[in-house]
Amino acid sequence: MSTTSVAEQWVDETARLTAPSRTEWCDGSKAEYDRLIEAMLRDGTLLPLNSRTYPNCYLHRSHPSDVARTEQLTFICTGRKEDAGPTNNWMAPAEAKRRAGEYLKGAMRGRTMYVIPYLMGPAGSAMSRTGIMVTDSAYVVASMHMMTRVGQVALQAMRRDDDFIAGLHSLGDLSPDRRLVLHFPEEKLIWSVGSGYGGNALLGKKCHALRLGSAQARQEGWLAEHMLIIGVEDPEGRVTYLAAAMPSASGKTNLSMVVSSLPGWRAWTVGDDIAWMHVDSTGQLRAINPERGFFGVAPNTSPKTNPNATQMVRSNTIFTNVALTPSGEPWWEGLTSEPPAGLLDWQGRAWTPGTPAAHPNSRFTVLAQQCPSIAPNWEDPHGVPISGLIFGSRRSAVIPLVFEAFDWTHGVFLGSAMSTETTAAITGQVGVVRRDPMAMLPFCGYNMGDYFAHWLAMGSRVARPPKIFRVNWFRRGADGKFLWPGFGDNMRVLKWMVERIHGGAPDVRETPIGFLPTPSALDTSGLDLRRGKLDEALRVDATEWLEALGDLDEFYGQFGSRMPQPIARKLSDTRRGFAG
Ligand code: OXD
Ligand code: MN
């Protein structure tokens, strides 16, 4: 394999620091994947699953203290603290390298250092970008095979010798006390040590495609977003593409593969987690999915909530931290209504009812092409044209089921003001409400004030700005139950959006937060939902809203002069709307 001298030099430098016993360049071939799997089966990193019912599927159990992204150990290391901004952890680059350098020094002794050239995005796309990652984890290499395009395809896509994000990953000793996930946007460099889990370790995903990707996108004039991409086909056969930002473990995978409860409507999956969006020469916003596979949350994935996902993980899938049945099948909460007898939990112990069988952040890793609803054009090098953007979060109160922004700037305001309840995808307390602008709080690789400004600037370059919607599937009634059934019925909400995009559904209710569908504008045919529940799901309460907006001045205030005034003005307009 030919490589560039810049890449070779960086790999040599890394080997001098980490001292592996050997270095192996990965080619991304099936033979390579099979060799890795065999080696991991031999050394116990992987356990085989039932080869009849789950062919070529494996179970990996991570270290019990390494089960989710660790935001408190994740840093943006820019020369100036203000360039990382108040919502990111910051460390000076030299200090970051000194500290992580201690953990990395000799960390690969006795281990193989794998070098993975990988491409984020379809082959042949001007929107795709290259990374070169080194790791001492065979599990990470096998996962990168599924999540990215590995090998020559990546090297060929480099625009210059130094046109790659360099990523150094080592398991270290897996101790959270010696774990750091460091991003150096000014050097196009990632250092991650001490974790073998998900977004901490599969560097193409959060570290490259979002944190460094967002910084690169700002410089180059595009958007790197924590968004699914979906094509909604209507009964006339027209497909309308939307991208939707939602925080981790808040339904992106389910929505991207939704099986419609409305006859004649169907969804095509383009991506479930990340969208890279460019404005083309005609002023059309277009999106690619930079990933090649899905790293989805297993719990609550079932034939009812996501039939496409349950089908796609029946073969060629690596499961991490799920439970194991006596017949060698994976199991997680929600997969079946009753847990099978004789389960082993995610740590391999006899399961005790009342404790999690699968870890709440247990995952499946699988190629996107296995998804029954994958769009035929999901790897189109030109991407898909985006006509609608959705900001969605998990809020049991206040936020209505769906509403539409008045215009692009107002939509950016709605995204910037998004708040959500935290989930098990991150280490820490679950269910805490926090501001999570555009679902990018953990992923924006630069000052979020500049990020809002970049969003506004992108709007002025788009000839036909997509309509922007805000959704919340998670609002609960006084009885504590969800007001909206969700899942396949979310197509009813998507249908309203598609109609709005194409100039239909004129019957809207104007409120200070945006346009809401009148309850009769949502297609509820065949849905057994009391009208009162829908009214409640769509209720906009001035007192609740004024209270919910209360901390936004302080939130925006952190960004000082970097906070774009047009967004702050939308906040005042909203308050005025409710007051008057
Ligand atoms: C993910 C996440 O893994 O957002 O996609 O945590
Ligand atoms: Mn995600």
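Residues numbered from 1 in each chain as written. Chains lettered and ligands numbered in written order. Predicted model: local features only at pLDDT ≥ 70, side-chain atom pairs only at ≥ 80, totals over all residues. Heavy atoms only, no water.

**Points about the coordination of the manganese ion (ligand 2)**
- All of the protein donors around the manganese ion (ligand 2) are K206 (NZ), H226 (NE2) and D273 (OD); their distances to the metal are 2.1 to 2.2 Å.
- Sequence positions of the residues that donate to the manganese ion (ligand 2) give the spacing K-x19-H-x46-D. Taken together, the positions of H226 in the loop between β11 (223-225) and β12 (227-233) and D273 in the loop between β14 (266-271) and β15 (275-279) put the pair 47 residues apart, joining distant regions of the chain. Pair check on accessibility: H226 and D273 agree, each one buried. (Donors = N, O, S within 2.8 Å, 3.2 Å for Na, K, Ca; no water. Helix = DSSP H or I, 4+ residues; strand = E, 2+ residues; numbered from the N terminus. Buried < 20%, exposed > 50% of the residue type's maximum accessible area, 1.4 Å probe, protein only.)

**Concerning the packing of aromatic side chains**
- One pass over the structure, following the stated rule, counts 18 aromatic pairs.
- The interplanar angle of 70° and the centroid separation of 6.2 Å between the aromatic rings of Y446 and Y451 together place this pair among those described as edge-to-face. Both residues of the pair, Y446 and Y451, belong to the buried class.
- Centroid distance F469 to W496: 5.9 Å. Interplanar angle 70°. Geometry classified as edge-to-face. Linking F469 in strand β26 (residues 467-471) with W496 in helix α13 (residues 490-501), this pair joins segments that are 27 residues apart in sequence.
- Assessed through its relative accessible area of 0%, F469 is described here as buried. (Phe/Tyr/Trp six-rings, centres within 6.5 Å; stacked < 30°, edge-to-face > 60°.)

**Side note on the site of ligand 1**
- Around ligand 1 sit R69, K205, K206, H226, S248, D273, F295, R363, A425 and F443, and that is every residue in its neighbourhood.
- Between ligand 1 and the protein, one listed contact pairs an oxygen atom with a side-chain N or O atom of R69 at 2.9 Å.
- At 3.3 Å, a side-chain N or O of H226 approaches an oxygen atom of ligand 1.
- Notes on ligand 1: free accessible area 210 Å², of which the protein chains cover 95%.
- At a threshold of 2 Å from the grid points, most atoms of ligand 1 map onto the largest pocket.
- Within the shell around ligand 1, the residues separate by chemical class into 3 nonpolar, 2 polar and 5 charged. (Near = heavy atom within 4 Å. Polar contact = N/O pair within 3.5 Å; in protein donor to acceptor, adjacent residues only side chain to side chain. Areas by Shrake-Rupley, 256 points an atom, 1.4 Å probe, with all protein chains shown as cover. 1 Å grid on protein atoms, 1.4 Å probe; cavity = no way out; pocket = protein on both sides within 12 Å on 5 of 7 lines; lining within 4 Å. Sits in = over half its atoms within 2 Å of the grid points. Nonpolar A, V, L, I, M, F, W, Y, C, P; charged D, E, K, R; others polar.)

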